[in-house]
Amino acid sequence: VQLVESGGGLVQPGGSLRLSCAASGFTFSRYIMSWYRQAPGKERELVAAITSAGGITNYADSVKGRFTISRDNAKNTVYLQMNSLKPEDTAVYYCATHRSGPLSTSSSYDYWGQGTQVTVSS
């Protein structure tokens, strides 16, 4: 199993980034996928999740209306479109495959990517 995130970088406040997570080694279309983030000195937190077919999404209150999670099962890829970025969005962003249990609990996930750094600063 491999999850590879990309698309992070340095962006000014108010800017946009699109993160991608390419999956391999498992049947991607069967899994709920999530994006988490972890800022320095803080716990890892759920940002967004999407059901296996993409019909239902869930967002942290802090990103609602600004971030959009989507997936392309034909490409085994999940995306996170981030708009109106704020300095408090600065973190390492991870994608993960959900196994069972609460979406907001990191122990509910089987596999994690290596993370991609997002820095929002002027």
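Scroll up a little and you will see the structure.
Note that the coordinates shown come from a computational prediction; the quantities given were computed from them, not determined experimentally.

## A short note on the state of the cysteines
A full pass over the atoms with the stated rule returns one disulfide. Bridging Cys21 to Cys95, the disulfide has an S-S length of 2.0 Å. Measuring the twist about the S-S bond at about 55°, one finds the Cys21-Cys95 disulfide to be right-handed. Linking Cys21 in strand E3 (residues 17-24) with Cys95 in strand E9 (residues 91-98), this pair joins segments that are 74 residues apart in sequence. Taking the relative accessible area as the measure of exposure, Cys21 reaches 0% and is therefore buried.

## Points about the side chain of His98
When you line up the elements, His98 lands in strand E9. You can call His98 buried: its relative accessible area is 10%. Within the local environment of His98, its side chain forms a polar contact with the backbone oxygen of Gly101, the two atoms lying 2.7 Å apart.

## Things to note about the sheet that holds strand E8 (residues 77-82)
Pairing is antiparallel across the open sheet formed by four strands, whose spatial order is E1-E3-E8-E7. Each of the sheet's edge strands pairs with one partner strand only, and the pair in question is strand E1 (2-6) and strand E7 (67-72). Adjacent strand axes in the sheet meet at a mean angle of 15° when their direction is disregarded. As paired elements, E7 and E8 share six bridges and run antiparallel to each other. The residue of E8 that forms the bridge with Thr68 is Gln81.

Rules used throughout
- Residues numbered from 1 in each chain as written.
- Predicted model: local features only at pLDDT ≥ 70, side-chain atom pairs only at ≥ 80, totals over all residues.
- Heavy atoms only, no water.
- Disulfide = S-S within 2.5 Å.
- Helix = DSSP H or I, 4+ residues; strand = E, 2+ residues; numbered from the N terminus.
- Buried < 20%, exposed > 50% of the residue type's maximum accessible area, 1.4 Å probe, protein only.
- Polar contact = N/O pair within 3.5 Å; in protein donor to acceptor, adjacent residues only side chain to side chain.
- Pairing = 2+ DSSP bridges.
- Axes fitted to C-alpha atoms, helices over the stretch in contact; angles between N-to-C directions.

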